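In case you want the letters, here they are:
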Amino acid sequence: MSHHYSGPDFGFPHGDARLDLTDLYVFPSPGRDGKTIFVMDVHPSIGVNPPGPTTAEPFAPNAIYELKIDTNGDAVADIAYRVRFSSSDGGSQTAAVYRVDGTQAAGTGDGGQLILEGIPVSTGKSAHVAEAGDYRIFAGWRSDPFFFDTEGALNNLQFTGVDFFTNGDVCSIVIEVPTSTLGPNPIGLWHRTVDGASGTWVQADRGARPSQAVFLAGDRKADFLASEPKDDAQFIPVFAHSLEHTGGYSPDEATRVAGTLLPDILFYDPSQPAVFPHNGRALTDDAIDVFLGILTNGRITSDNVELHTDLLSEFPFLGAPHEDRSAHQVAA
């Protein structure tokens, strides 16, 4: 898993697949100088616990899907993009995207400067792309770009090269923004889902770098998912313990390596090519092989799964979903 199945026992946060973050990507927009692409993937179509397909409704209408951006290196958001979704109406949803700047970006809420509303959520093979000024936006089902032998990972890292996600889909939020609006310096970013089903906003999931929360947070996973990057130093001991156990690191070395993985922020310099783990993350990066090398102290460096071949060369870049859900009727 990347960040898939981050809830208890490889389930979903708050028991809701729609709140489950899977992957975060950031890279320069191909062929469009001065533009940056953010991809937030959530809601995997296939579950592990419980196994089988998840709900056809793409996004939770009582949730906030949020991208947090730190522009000055203090692990506190200075910019936030918040996405809200309507209730399903005959199987369809629409999205509204807001931007928040300054101190309010670090908080929780559903307000902000409206960029665009009424964006159709794609449930079929075609991608409905919306534009507002210098922004391009997509939201809906797409082919999951993540590739990994999940069953091998759950079998004590005994990999067979079988890609669990070959026929899997995710719900993607893809936003193209003018790079100049992100400030003059490299940025740090993470994404989160905030659940309002109880009447109060509660952070359900958060993450940035792939696989860390799933494999390293141990018995503090719930605390980790509810926390913020600025407080991540508290999780160095549990990360270090996991690295000692799986990778055979000495205690001192495990603590050192854990410190390089936290805070859980994806750093990105728009002036440089995107390549994980050094700068951002492209859709083609084999991030799990990077993580396996860290997790096992170099003992295992690959799960022998290859890149998916259905990526697109144009916005929104993720391939068409394997299942056409446009005919599904889902309850609000």
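Keep in mind the model is a prediction, meaning the values are calculated, not measured.

1. Quick look at the overall build of the protein
When you go through the protein residue by residue, the secondary structure sums to 6 helices and 14 strands. Since a compact globule built from 332 residues should have a radius of gyration of about 20 Å, the 19 Å found for the protein is in line with a globular shape. Overall size of the protein, expressed as C-alpha extent along the three principal axes, is 55 × 45 × 45 Å. A buried classification covers 57% of the 332 residues belonging to the protein. Sequence separation of 24 or more characterises 64% of the internal contacts of the protein that already satisfy a separation of 6 or more. One way to put it: in the protein the 20 positive side-chain charges average out to a point 3 Å from where the 44 negative ones average out.

2. Focus on the pairing of strand β1 (residues 21–28)
Along β1, 7 of the 8 residues are buried, which leaves the element largely enclosed by surrounding structure. Relative to strand β2 (residues 35–42), β1 runs antiparallel, the two sharing 7 bridges. Its bridge partner lying in β2, Leu 24 is registered against Met 40. Between the antiparallel neighbours β1 and β2 lie 6 residues, among them Gly 31 with a positive phi of about 75°.

3. A few points about the packing of aromatic side chains
Summed over the entire model, instances satisfying the criterion amount to 14 aromatic pairs. Ring geometry for Tyr 81 against Tyr 135: centres 6.1 Å apart, planes inclined by 65°, an arrangement best described as edge-to-face. Note that Tyr 81 is positioned in strand β6 (residues 79–85) and Tyr 135 in strand β10 (residues 135–143), a separation of 54 residues in sequence. Owing to a relative accessible area of 1%, Tyr 81 belongs among the buried residues under this scheme. The class of Tyr 135 is buried, set by a relative accessible area of 12%. Ring centres 5.9 Å apart and planes at 55° place the aromatic pair Phe 148 and Phe 159 in the tilted group. Linking Phe 148 in the loop between β10 and α1 (150–154) with Phe 159 in the loop between α1 and β11 (169–178), this pair joins segments that are 11 residues apart in sequence. By the burial criterion, Phe 148 is buried, and Phe 159 matches it. Taken together through their ring pairs, the aromatic side chains of Phe 146, Phe 148, Phe 159, Phe 164 and Phe 165 make up a single cluster.

4. A look at the pattern of salt bridges
In a structure, side chains of opposite charge can pair up when their charged atoms sit close to one another. Following the criterion strictly, the structure yields 16 salt bridges and no others. Where Asp 23 meets Arg 281, a salt bridge forms, and the shortest distance between an N and an O atom there is 2.8 Å. Highlighted residues: Asp 23 in strand β1 and Arg 281 in the loop between β14 (266–268) and α6 (287–295), separated in sequence by 258 residues. Where Arg 220 meets Asp 223, a salt bridge forms, and the shortest distance between an N and an O atom there is 3.4 Å. Asp 223 gets classed as partly exposed once you look at its relative accessible area, which sits at 41%. A single network of salt bridges, built from pairs that share partners, joins Glu 66, Lys 68, Arg 82 and Arg 192.

5. A word on the environment of Ala 204
Mapped onto the elements of the fold, Ala 204 is located in strand β13 (residues 202–207). In this structure, the C-alpha to C-alpha distance between Ala 204 and Thr 193, residues 11 residues apart in sequence, is 5.6 Å. Filtering out sequence-adjacent residues up to four positions away, Ala 204 remains in contact with Pro 13, His 14, Leu 19, Thr 193, Val 194, Asp 195 and Leu 225.

Reading guide: rules and limits
- Residues numbered from 1 in each chain as written.
- Predicted model: local features only at pLDDT ≥ 70, side-chain atom pairs only at ≥ 80, totals over all residues.
- Heavy atoms only, no water.
- Helix = DSSP H or I, 4+ residues; strand = E, 2+ residues; numbered from the N terminus.
- Rg over C-alpha atoms; globule rule 2.2 N^0.38 Å.
- Buried < 20%, exposed > 50% of the residue type's maximum accessible area, 1.4 Å probe, protein only.
- Contact = heavy atoms within 4.5 Å.
- Lys, Arg positive; Asp, Glu negative; His and termini not counted.
- Charge placed at Lys NZ, Arg CZ, Asp CG, Glu CD.
- Pairing = 2+ DSSP bridges.
- Phe/Tyr/Trp six-rings, centres within 6.5 Å; stacked < 30°, edge-to-face > 60°.
- Salt bridge = Lys/Arg side-chain N within 4 Å of Asp/Glu carboxyl O.

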